[in-house]
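Understanding the architecture of this molecule
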Amino acid sequence: MAEQEETNPWGSKSWSYLSSLRQQSPLIQCITNLVSMDLIANTLLAAGASPAMIHSILEIPDFTPHTQSVLINVGTLTPEWLPAMKAAAGVANQFGKPWVLDPAAVGASGFRLKACLELIELKPTVIRGNGSEIISLSMASIGSGKGADSLHESSDALEAAKSLAKSSGAIVAISGSVDFVTDGQRVVGAHNGLPMMQKITASGCAVTALIAAFVAINPTHAFEATASAFSVFGLAGEIGMGLAKGPASLRMHLIDSLYALDQETVLHRVKITSFS
Amino acid sequence: MAEQEETNPWGSKSWSYLSSLRQQSPLIQCITNLVSMDLIANTLLAAGASPAMIHSILEIPDFTPHTQSVLINVGTLTPEWLPAMKAAAGVANQFGKPWVLDPAAVGASGFRLKACLELIELKPTVIRGNGSEIISLSMASIGSGKGADSLHESSDALEAAKSLAKSSGAIVAISGSVDFVTDGQRVVGAHNGLPMMQKITASGCAVTALIAAFVAINPTHAFEATASAFSVFGLAGEIGMGLAKGPASLRMHLIDSLYALDQETVLHRVKITSFS
Amino acid sequence: MAEQEETNPWGSKSWSYLSSLRQQSPLIQCITNLVSMDLIANTLLAAGASPAMIHSILEIPDFTPHTQSVLINVGTLTPEWLPAMKAAAGVANQFGKPWVLDPAAVGASGFRLKACLELIELKPTVIRGNGSEIISLSMASIGSGKGADSLHESSDALEAAKSLAKSSGAIVAISGSVDFVTDGQRVVGAHNGLPMMQKITASGCAVTALIAAFVAINPTHAFEATASAFSVFGLAGEIGMGLAKGPASLRMHLIDSLYALDQETVLHRVKITSFS
């Protein structure tokens, strides 16, 4: 395995992102859904980042300029939250900071779809969804998902993702049994992770938050940062599974493992391959 | 014990609900309080259902028709949330889908009591509360509880529950050292569970969510579904307690155990008895 | 060590608060941020209190008079929540009940700072923050923190804390590697706890909630109650760390340990020293 990794630069790339994150502890503003706040904050803290759940539109002019990246997740969107999301995305753009969109359950309603399409106009650096969410966004249509759960395999959404990446200018990332990342041309697949992670609520939201943190480290290489975040999160799940007895203990051990991940493990076990 | 269960159909009924839930993975819309979202979502995922925390009134016309049941919990009610709750209950009724009410801390204020009485006008399939909550609802009076905690044993609320079931047409379920379920005539008691579960915040909310999932499997037998959900949740707690050292580890092991519950355990250990 | 504690009254004071809490189970109203609700409720339940997350302004006249203390935490403040916070503080004052302010991330914006200064006008019994938060409050200036994380050691904020205690009339408590408590004259340091607790989101919020519970036991000795709450929470963390492998398992074992803390452990291991 070590041999394979020596010819594959992703292990050392991923380690470089994670170790920089621990060293720099960037401030990540999270405007996220009500279900995911606890897991996202704990994921970011365990990874070395400094999360801030601040979502009032009144605070964005003072606060957002000091952040290193912004996460926006529409999982429990209401009309009251949307202006703050747009304002935060706007300030991020103005100050040259990356921002990441999680279009959670975008297919649930016309309201949510319209909100996500408006947010995409504000040029997210990365968009991360499951297969159904990426297909909904790409086709601008609702009804393709099952709430926050996907009805599509990630590979089914690959063409939709490429098309969305080209039209939006964002890196597009699809979670699934393999996680895919594309800039519209290149495609890589991140193979770490395991199915039981889907039984942990907000685990998708948490990986988007980790992407926001990795992108903060090097905004000009968002493609690499996104693929690395997928693999590091999946790897933490794999290691956590060694101690877990079910989804709740997996959640705990995943966070513990993310906190403890060491260089050797990342170098040897990150598995990202090119598909383009 | 196996003998007793052979003459008692509840073990096989409960298993039938749980195994159908795992197979069908119904979509359960949860409009619930801010404290309980994480535990409810993880409970539903562990049990095999697909939870969706979607509470904006704008999304209900698009989304609610696709759900298999709706959970409404007033634990952190504000006036802004109430119209969406009513709209979701209305859509559930219109599409013949069951919906379940958790009148959390209904005795805390006149505002909350009035809201719950208005929701009951919208014909919930099941109402699940603790003893104090059921007494408050039945007497339409406040001050009988202690926030979300009960000042009454479940058995004290049995007559109130029968009366509420008759007046509302709902199955009424009371959590306590024994959990009772009544349709106004029949009464059964579910004996699984243990006192430390009350030290886990939102454990009552979580069992109401599980009731909503079980009722989705067979809406015409809500009485049986409710009693079965109580016992399955309590049984997961009993098994979890074998590994737990306190309320936080019990919470984790309960979810893990719910995920792993097997047929033999359910058949042999579910304990539901008739009281009428 | 036993000898030291015999000459140090804090072990028996702390035990007296904790055992009274378990016996009396006071009702604590929490108007707190969205990230912290689950951990705060579970912390209060494990310690023996009865938490109630009730934040609608409509409910305060009915509900707040029945509580034994009120916790107000501005971590995810929006303009809609502020009037209810002020109303609850006002009712607490009117009924002679203590209330505790957590000025979470007060340096994040002018809006938040102004809100906290207005809340301080309503005479909190205790204010608990990290070093950066206490400095922001004392200087009435923003930008001194990093979201919810501190850029200052607790000892750096000691003069600011004394000054804030004098001007506000509140007990002021600073979390850090040593936790300090001052009434403007006296200063004590609570030495229990460990650095990894800062990697648990909302652990600061949780200790403020425990302070609110301890203060409910004896509102006229808020200085002693606050120092005792710090040490009991820190001690639960120390014991939990014996079983933990990282921040997520520490969170779990901390709550379990708080639930199980016994007299001998509290008497022997609470470490609070005088600095004035």
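Cut-off values and rules
- Residues numbered from 1 in each chain as written.
- Chains lettered and ligands numbered in written order.
- Predicted model: local features only at pLDDT ≥ 70, side-chain atom pairs only at ≥ 80, totals over all residues.
- Heavy atoms only, no water.
- UniProt positions renumbered as here; feature names shortened; annotations may be inferred.
- Helix = DSSP H or I, 4+ residues; strand = E, 2+ residues; numbered from the N terminus.
- Rg over C-alpha atoms; globule rule 2.2 N^0.38 Å.
- Buried < 20%, exposed > 50% of the residue type's maximum accessible area, 1.4 Å probe, protein only.
- Contact = heavy atoms within 4.5 Å.
- Areas by Shrake-Rupley, 256 points an atom, 1.4 Å probe, with all protein chains shown as cover.
- Lys, Arg positive; Asp, Glu negative; His and termini not counted.
- Charge placed at Lys NZ, Arg CZ, Asp CG, Glu CD.
- Buried area = accessible area lost by both parts, 1.4 Å probe.
- Salt bridge = Lys/Arg side-chain N within 4 Å of Asp/Glu carboxyl O.
- Polar contact = N/O pair within 3.5 Å; in protein donor to acceptor, adjacent residues only side chain to side chain.
- Nonpolar A, V, L, I, M, F, W, Y, C, P; charged D, E, K, R; others polar.
- Pairing = 2+ DSSP bridges.
- Axes fitted to C-alpha atoms, helices over the stretch in contact; angles between N-to-C directions.
- Parallel < 35°, antiparallel > 145°, perpendicular 65-115°, else oblique.
- Left-handed = near helix turned anticlockwise from the far one by under 90°.
- Least-squares fit on C-alpha atoms with pLDDT ≥ 70 in both.
- Phe/Tyr/Trp six-rings, centres within 6.5 Å; stacked < 30°, edge-to-face > 60°.
- Lys NZ or Arg CZ within 6 Å of the ring centre and 35° of its normal.

- Under an unreviewed UniProt entry, the name given to chain A is Hydroxyethylthiazole kinase, and the organism recorded is Deinandra increscens subsp. villosa.
- Listed under Catalytic activity (unreviewed entry) in UniProt, the entry text for chain A is "5-(2-hydroxyethyl)-4-methylthiazole + ATP = 4-methyl-5-(2-phosphooxyethyl)-thiazole + ADP + H(+)".
- Database annotation for chain A, UniProt heading Sequence similarities (unreviewed entry): "Belongs to the Thz kinase family."

1. Topic: the overall build of chain A
- The helix and strand tally for chain A stands at twelve helices and nine strands.
- At 17 Å, chain A has a C-alpha radius of gyration in line with the 19 Å of a compact globule built from 276 residues.
- Split into buried and exposed, the 276 residues of chain A put 65% on the buried side.
- A separation of at least 24 residues holds for 71% of the contacts in chain A among residues at least 6 apart in sequence.
- Surface accessibility of chain A: about 8,900 Å² in total, with carbon and sulfur atoms responsible for 54%.
- Between the averaged position of the 17 positive side-chain charges in chain A and that of its 22 negative side-chain charges there is a distance of 3 Å.

2. Examining the interface of chain C and chain A
- At the interface, 28 residues of chain C touch 28 residues of chain A.
- Roughly 2,300 Å² is buried in total at the junction of chain C and chain A, and carbon and sulfur atoms are behind 64% of that figure.
- Applying the counting rule to chain C against chain A returns two salt bridges.
- The closest approach of N and O atoms between C:Arg112 and A:Glu59, which form a salt bridge, is 2.7 Å.
- At the boundary of chain C and chain A, one finds nine residue pairs in polar contact (both at pLDDT 80 or more).
- Within the residue set of the side of chain C that touches chain A, elements represented by two or more residues are helix H6 (110-121) and helix H11 (247-260) of chain C.
- When residues in the side of chain C that touches chain A are grouped by element, the largest group, five residues, is from H11(C).
- For the side of chain C that touches chain A, the per-class residue count stands at twelve nonpolar, ten polar and six charged.

3. Notes on the sheet that holds strand E3 (residues 69-73) of chain C
All names here are of chain C.
- Read from one edge of the open sheet, nine strands run E2-E1-E3-E4-E5-E6-E7-E8-E9, paired in mixed fashion. In this open sheet, the two strands that pair with only one neighbour each are strand E2 (50-52) and strand E9 (272-274). Between one strand and the next, the sheet's axes are offset by a mean angle of 20 degrees, whatever the strand orientation.
- The pairing of strand E1 (residues 27-31) with E2 spans three bridges and is classified as parallel. Its bridge partner lying in E2, isoleucine 28 is registered against proline 51.
- Across the face of the sheet, helix H8 (residues 158-168) comes into contact with strand E5 (126-130), strand E6 (171-175), strand E7 (179-182) and strand E8 (187-190) while running at roughly 155 degrees to E6.

4. Some points on the packing of helix H10 (residues 222-241) of chain A against helix H11 (residues 247-260) of chain A
Residues and elements named next belong to chain A.
- The N-to-C vectors of H10 and H11 enclose an angle of 120 degrees; their axes lie 7 Å apart at closest approach. The angle between the axes of H10 and H11 places the two elements in the oblique class. Note on packing geometry: the crossing formed by H10 with H11 is right-handed. On H11, the residues touching Val232, Phe233, Ala236, Gly237, Ile239, Gly240 and Met241 of H10 are Leu250, His253, Leu254, Ser257 and Leu258.
- Broken down by class, the residue content of the contact of H10 with H11 amounts to eight nonpolar, four polar and no charged.

5. Here's the deal with the interface of chain B and chain A
- On the chain A side, the residues contacting the 28 residues of chain B number 28 residues.
- Surface buried jointly by chain B and chain A totals about 2,300 Å² across both partners, of which 63% is contributed by carbon and sulfur atoms.
- Considering only the side of chain B, the residues that lose the most area to chain A are B:Leu45, B:Glu59 and B:Tyr259, jointly responsible for 22% of the buried surface there.
- Across the chain B-chain A interface, the total number found is two salt bridges.
- The interface formed by chain B and chain A contains nine residue pairs in polar contact (both at pLDDT 80 or more).
- Taken together, the elements giving at least two residues each to the side of chain B that touches chain A come down to helix H3 (37-47), strand E2 (50-52), helix H4 (60-63) and helix H11 (247-260) of chain B.
- For the side of chain B that touches chain A, the element with the most residues is H3(B), which contributes six residues.

6. Examining the pattern of salt bridges
Residues and elements named next belong to chain A.
- For the coordinates displayed, the defined rule picks out 30 salt bridges over all chains.
- Here lysine 86 and glutamate 118 are joined by a salt bridge, their closest N and O atoms 2.5 Å apart. Placement of lysine 86 in helix H5 (residues 82-94) and of glutamate 118 in helix H6 (residues 110-121) is noted, with a sequence separation of 32 residues between them.
- Its relative accessible area of 29% is what places lysine 86 among the partly exposed residues.
- Overall, glutamate 118 belongs to the partly exposed group, its relative accessible area being 23%.

7. Thoughts on the side chain of A:Arg112
- By secondary structure assignment, the location of A:Arg112 is in helix H6.
- Apart from residues no more than four positions distant in its own chain, A:Arg112 is found in contact with A:Val74, A:Gly75, A:Thr76, A:Leu77, A:Ala104, A:Ala105, A:Val106, B:Ile54 and B:Glu59.

8. A look at the relation of the copies chain C and chain A
- Note on the identical chains: chain C maps onto chain A by a rotation of 120 degrees and an axial translation of 0.0 Å, with an RMSD of 0.0 Å. Both copies are brought into coincidence by an operation consistent with a three-fold rotation axis. Distance from the rotation axis, computed per C-alpha, reaches its smallest value in chain C at C:Leu34: 4.0 Å.
- A low fraction, 7%, of the interface residues of chain C reappear at the interface in chain A, so the copies pair through non-equivalent surfaces.

9. Observations regarding the sheet that holds strand E6 (residues 171-175) of chain A
All names here are of chain A.
- Judged by pairing direction, the sheet is mixed, and its nine strands sit side by side in the order E2-E1-E3-E4-E5-E6-E7-E8-E9 without closing on themselves. Both outer strands of the open sheet, strand E2 (50-52) and strand E9 (272-274), are each paired with one neighbouring strand and no more. Taking each pair of neighbouring strands and ignoring which way they run, the sheet shows an average axis angle of 20 degrees.
- As paired strands, strand E4 (residues 99-102) and strand E5 (residues 126-130) are joined by two bridges and run parallel to one another. When the sheet's bridge partners are listed, leucine 101 is paired in E5 with isoleucine 127.
- Here helix H8 (residues 158-168) sits on the sheet in contact with E5, E6, strand E7 (179-182) and strand E8 (187-190), set at roughly 155 degrees to E6.

10. Some remarks on the relation of the copies chain B and chain A
- Of the transformation placing chain B onto chain A, the axial shift is 0.0 Å and the rotation is 120 degrees, giving an RMSD of 0.0 Å.
- Looking at chain B, a mere 7% of its interface residues are interface residues in chain A too, so the copies touch through different faces.

11. Re the packing of aromatic side chains
- Scanning the entire structure with this criterion turns up six aromatic pairs over all chains.
- Considering the side-chain rings of B:Phe180 and B:Phe275, the 5.2 Å spacing of their centres and the 85 degrees angle between planes classify their relative orientation as edge-to-face. Placement of the pair is B:Phe180 in strand E7 (residues 179-182) and B:Phe275 in the segment after strand E9 (272-274), with a sequence separation of 95 residues.
- Positioned above the aromatic ring of A:Trp10, the side-chain terminus of A:Lys13 is 4.4 Å from the ring centre.
- Lying over the aromatic face of C:Phe223, C:Arg186 brings its terminal NZ or CZ to 4.0 Å of the ring centre.

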